[in-house]
Amino acid sequence: GLTLAAGGATEAFELLAVHEVGVLLCGPGVGSVCGSGFLDRVRDMHPLVVPLVLDGGDANTTATPDALQAALRDAFVRYERARAAAGR
């Protein structure tokens, strides 16, 4: 699959407009890009996209690569199921 990266909300929407995106990964340090308003707008415009939001969490815990890989795999499975249900 293709990995896209956006430097801000405007760029993210430009990428969403021209690419089929299955999973939208957001994390700490991206500022307003992954705010609730941004995610609400993504859901309205691209209802099949599965948002995967990594929060800052507890400073003493970090997501392991295996946990992140499992979360991404689950998100893509949810996207493929939604896409199939929508007949795409």
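Residues numbered from 1 in each chain as written. Predicted model: local features only at pLDDT ≥ 70, side-chain atom pairs only at ≥ 80, totals over all residues. Heavy atoms only, no water.

Chemist: What is the right way to look at the overall build of the chain in this model?
Modeler: Across its full length, the chain holds three helices and two strands. When the helices and strands of the chain are placed in sequence order, the string is α-β-α-β-α. Among the 88 residues that make up the chain, the fraction classed as buried is 24%. For the chain, contacts bridging at least 24 residues in sequence account for 68% of all contacts bridging at least 6. A total accessible area of about 6100 Å² is found for the chain, and carbon and sulfur atoms account for 54% of it. (Helix = DSSP H or I, 4+ residues; strand = E, 2+ residues; numbered from the N terminus. Buried < 20%, exposed > 50% of the residue type's maximum accessible area, 1.4 Å probe, protein only. Contact = heavy atoms within 4.5 Å. Areas by Shrake-Rupley, 256 points an atom, 1.4 Å probe, with all protein chains shown as cover.)

Chemist: Please explain the nonpolar core as it appears in this structure.
Modeler: In summary, soluble globular proteins display a tendency toward joint burial of nonpolar side chains. Counting 11 residues, the largest nonpolar core is built from Ala12, Phe13, Leu16, Val21, Leu24, Cys26, Cys34, Phe38, Leu39, Val42 and Val49. Residue assignment for this core shows that the elements contributing at least two residues are helix 1 (9-18), strand 1 (23-26) and helix 2 (36-45). Among residues more than four places away in sequence, those in contact with Cys26 are Cys34, Leu39, Leu52, Val53 and Leu54. Core analysis: the next-biggest nonpolar cluster, separate from the first, contains six residues, Val23, Leu52, Ala75 and Tyr79 among them. (Core = buried A, V, L, I, M, F, W, Y, C linked by side-chain atoms within 4.5 Å.)

Chemist: Is there a simple way to explain the environment of Val49 in this structure?
Modeler: Among the secondary structure elements, Val49 is positioned in the loop between helix 2 and strand 2 (50-53). Sequence-wise, Val49 and Ala82 are 33 residues apart; in three dimensions their C-alpha atoms are separated by 8.9 Å. The residues contacting Val49, other than those within four sequence positions of it, are Leu16, Val21, Gly22, Val23, Leu24 and Val42.

Chemist: Can you walk me through helix 2 in this structure?
Modeler: Along an α-helix, residues three or four apart share an orientation, since each turn contains 3.6 residues. Residues of helix 2 that are buried include every one of Phe38, Leu39 and Val42, and no others. Along the axis of helix 2, the buried positions cluster into a sector of 95 degrees, meaning they face one direction only. Residues of helix 2 that are exposed and point over 90 degrees away from its buried face: Ser36 and Asp44. Considering only its buried residues, helix 2 is in contact with helix 1, strand 1 and strand 2. (Arc of directions from axis to C-beta.)

Chemist: Please clarify how the packing of helix 1 against helix 2 should be interpreted in this entry.
Modeler: Each pair of packed helices can be described by the angle between their axes along with the distance between the axes. Between helix 1 and helix 2, whose axes approach to 12 Å, the crossing angle comes to 15 degrees. One element, helix 1, and the other, helix 2, form an angle in the roughly parallel class. Note that helix 1 runs across helix 2; the crossing there is right-handed. In contact with Ala9, Ala12, Phe13 and Leu16 of helix 1, helix 2 contributes Phe38, Arg41, Val42 and Met45. For the contact of helix 1 with helix 2, a count of residues per class yields seven nonpolar, no polar and one charged. (Axes fitted to C-alpha atoms, helices over the stretch in contact; angles between N-to-C directions. Parallel < 35°, antiparallel > 145°, perpendicular 65-115°, else oblique. Left-handed = near helix turned anticlockwise from the far one by under 90°. Nonpolar A, V, L, I, M, F, W, Y, C, P; charged D, E, K, R; others polar.)

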